[in-house]
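# Chains, contacts and geometry: an overview
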Amino acid sequence: MDKIEIRNLECYCHHGVLREENVLGQKFLVSAVLYMDTRKAGNEDDLSQSVNYAETAHFINEIMSLGEHRLIESVAEHIAREVLLKYPLLQKIEVSIQKPWAPILLPLETVAVTIERQWTRVYAGVGSNQGNRRKYIDNAYAGIRNNRYCKCAYMSNIIDTEPYGYTEQPNFLNGVICFETLYSPEELLKFFHRLEDEGDRTREIHWGPRTIDLDILFYGDRILQTEDLIIPHKEIPCRRFVLEPLNEIAPYVIHPVLGKTVRDIYTEFLEREKKEDKDAGFERGQKKY
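Anyway, here's the lowdown on the structure attached to this text. (Residues numbered from 1 in each chain as written. Predicted model: local features only at pLDDT ≥ 70, side-chain atom pairs only at ≥ 80, totals over all residues. Heavy atoms only, no water.)

## Description of the pairing of strand β3 (residues 92-99)
Worth spelling out the cut-off: Three labels apply to residues, based on accessible area from a 1.4 Å probe with only protein chains included: buried if under 20% of the type maximum, exposed if over 50%, partly exposed otherwise in between. Each helix corresponds to a stretch of at least 4 residues labelled H or I by DSSP, and each strand to a stretch of at least 2 residues labelled E; elements are numbered beginning at the N terminus. Here the rule is simple: two strands pair whenever DSSP picks up at least two bridges between them.
Most of β3 sits inside the fold, with seven of its eight residues counted as buried. Direction of pairing for strand β2 (residues 26-36) relative to β3: antiparallel, over a ladder of seven bridges. By the bridge assignment for β3, Y35 is matched with K92. Taken together, the eight bridges between β3 and strand β4 (residues 111-118) define a ladder with antiparallel strand orientation. If you follow V95 over to β4, its bridge partner there is I115.

Next up, the structure:
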């Protein structure tokens, strides 16, 4: 990916843990690497197809000058987020903040914090089997589209599916939503939980009835396993209600663990399902006993 660099922008600001830093202020040096595709701007010699580095430098200086942060980590996060939000052509940013006058009473050249932040493409499963199912799904979709930290959202067709696991409950409507986000996986999970709470979601029975359910299926090519979150979602290869809408909008996305495309995984699932049906002696659509 192409880069535009702003190096050692000098800003005089009032960030710091100590009261004296907030009152007297000090010098900071800010560098930013802006990642984007500059080919069109270069071929057409058109600034509107790129990011104006002079304007960006002034914008960073404005962010540095507004408010007071205790930590330069906080300042770096604020700059990265606001620059990515302001300039839609940017895909990623690296921000480095140096603090050459850091009051640590030892000889040094500088202390610095460097972070990278970017828009990441997410595929999320959505489902509902309580109340006005379509309305709950549409409300969750609107919540994603209206969040400033999410963009470029679109949704698969919605399908009607039989419940899985706990089967004594109504059919579900299921689909997949694709969007790009600045949230980390953990932040995105919290956001999804807020949307579920707004949709009157209760968690009483595992795989039980619910007004709205949102699950992170893919987060870029990230592989993550914590107590609260597994990415890619472990149920992707064995759930028709996930694979069918996912295959509709992302057939060539590669599962980062299995190393297979969604289409290949879905094809293997259908073949496996067909064999299981044949062995069980019934045709798809008949009730299983």
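## Topic: the packing of aromatic side chains
Threshold: Two aromatic rings, drawn from Phe, Tyr or Trp (for Trp, its six-membered ring), form a pair once their centres lie within 6.5 Å of each other, and the interplanar angle then sorts them: stacked below 30 degrees, edge-to-face above 60, tilted otherwise. Sitting over a ring, as applied to charges here, requires NZ of Lys or CZ of Arg to be within 6 Å of the ring centre and within 35 degrees of the ring normal.
In the structure shown here, the tally under the stated rule is seven aromatic pairs. Judged by centre distance (6.4 Å) and plane angle (85°), the ring pair of F59 and Y87 falls under edge-to-face. Separated by 28 residues along the polypeptide, F59 in helix α3 (residues 53-65) and Y87 in the loop between α4 (72-86) and β3 bring together distant segments of the chain. With respect to class, F59 is no different from Y87; both count as buried. Judged by centre distance (6.4 Å) and plane angle (90°), the rings of Y123 and F218 are edge-to-face. One end of the pair, Y123, is in strand β5 (residues 120-128); the other, F218, is in strand β9 (residues 213-219), with 95 residues separating them in the sequence. Judged by its relative accessible area of 2%, F218 falls in the buried class. Among the aromatic side chains, those forming a connected cluster through ring pairs are Y149, F179, Y183, F191 and F192. The cationic tip of K86 hangs over the ring face of F59; the distance from NZ or CZ to the ring centre is 5.0 Å.

## A look at α3
Convention followed: One less than the residue count of a helix, multiplied by 1.5 Å, gives the span that helix is expected to have. The directions from the helix axis to the C-beta atoms form the arc being described. Should any heavy atoms of two residues lie within 4.5 Å, those residues are counted as being in contact. Here a polar contact is recorded for every N or O atom pair within 3.5 Å, except that within protein the pair must consist of a potential hydrogen donor and a potential acceptor, and residues adjacent in sequence are included only if both atoms are side-chain atoms.
The terminal C-alpha atoms of α3, which comprises 13 residues, lie 18 Å apart, in line with the 18 Å expected from a rise of 1.5 Å per residue. For α3, every residue scored as buried is listed here: T56, A57, F59, I60, I63 and M64. The arc that holds every buried residue of α3, seen down its axis, measures 160°, which confines them to one face. On the buried face of α3, the contacting elements are β1 (2-13), β2, α4 and β3. With a side-chain oxygen lying 2.9 Å from the backbone nitrogen of A54, the N-terminal cap of α3 falls on N52. Following α3 by one or two positions, G67 has its phi on the positive side, about 75°.

## Quick look at the packing of α3 against α4
In plain terms, the rule: Interaxial angles span 0 to 180 degrees and are taken between N-to-C directions of axes, which are lines fitted to C-alpha atoms, for helices over the stretch in contact. Each angle receives one of four descriptions, namely roughly parallel if under 35 degrees, roughly antiparallel if over 145, roughly perpendicular if within 65 to 115, and oblique otherwise. Two helices cross in a left-handed way if the nearer one is turned anticlockwise from the farther one by less than a right angle. They cross in a right-handed way if the turn is clockwise. Residues are grouped as follows: Ala, Val, Leu, Ile, Met, Phe, Trp, Tyr, Cys and Pro are nonpolar; Asp, Glu, Lys and Arg are charged; every other residue, Gly included, is polar.
At their nearest, the axes of α3 and α4 sit 10 Å apart, and the two run at 140° to each other. One way to sum up the angle between α3 and α4 is to call them oblique. Note that α3 runs across α4; the crossing there is right-handed. Across the interface between the two elements, E55, T56, F59, I60, I63 and M64 from α3 touch V75, H78, I79, E82, V83 and K86 from α4. Looking at the contact of α3 with α4 residue by residue, the class counts come to seven nonpolar, two polar and three charged.

## Brief notes about α4
With 15 residues, α4 should cover 21 Å at 1.5 Å per step; its first-to-last C-alpha distance of 21 Å lies within 8% of that length. The complete set of buried residues in α4 reads I72, V75, A76, I79, A80, E82, V83 and L84. Elements that come into contact with the buried residues of α4 comprise β2, α3, β3 and β4.

## Regarding the nonpolar core
For clarity, the threshold we go by: Within this scheme, the nonpolar core is defined by two criteria: the residues are buried Ala, Val, Leu, Ile, Met, Phe, Trp, Tyr or Cys, and they are joined through side-chain atoms within 4.5 Å.
I60, M64, I79, V83 and I97 are the most contacted members of the largest nonpolar core, which totals 32 residues. Those elements that place two or more of their residues in this core are β1, β2, α3, α4, β3 and β4. Broken down by element, the residue count for this core peaks at seven residues, all from α4. Apart from residues lying up to four places away in sequence, M64 is in contact with C11, C13, H15, F28, V30, V75, I79 and I97.

## Topic: a negative patch on the surface
Keep this limit in mind: Residues forming no salt bridge and having over 30% relative accessible area are the ones grouped into patches, like charges within 9 Å of each other and nonpolar side chains (Val, Leu, Ile, Met, Phe, Trp, Tyr) within 5 Å. Only the protein chains shown count as cover for residues, with accessible areas throughout obtained via the Shrake-Rupley method and a probe of 1.4 Å. What counts as a salt bridge is simple: a side-chain nitrogen of Lys or Arg found within 4 Å of a carboxyl oxygen of Asp or Glu. Note on charges: Lys and Arg go in the positive column, Asp and Glu in the negative column, and His and the chain ends are not counted at all. For this purpose, a charge sits on NZ of Lys, CZ of Arg, CG of Asp or CD of Glu.
There is a patch of like negative charges on the surface, built from E186, E187, E227 and D228. Summarising the element assignment, E227 is placed in the loop between β10 (224-225) and β11 (230-231).

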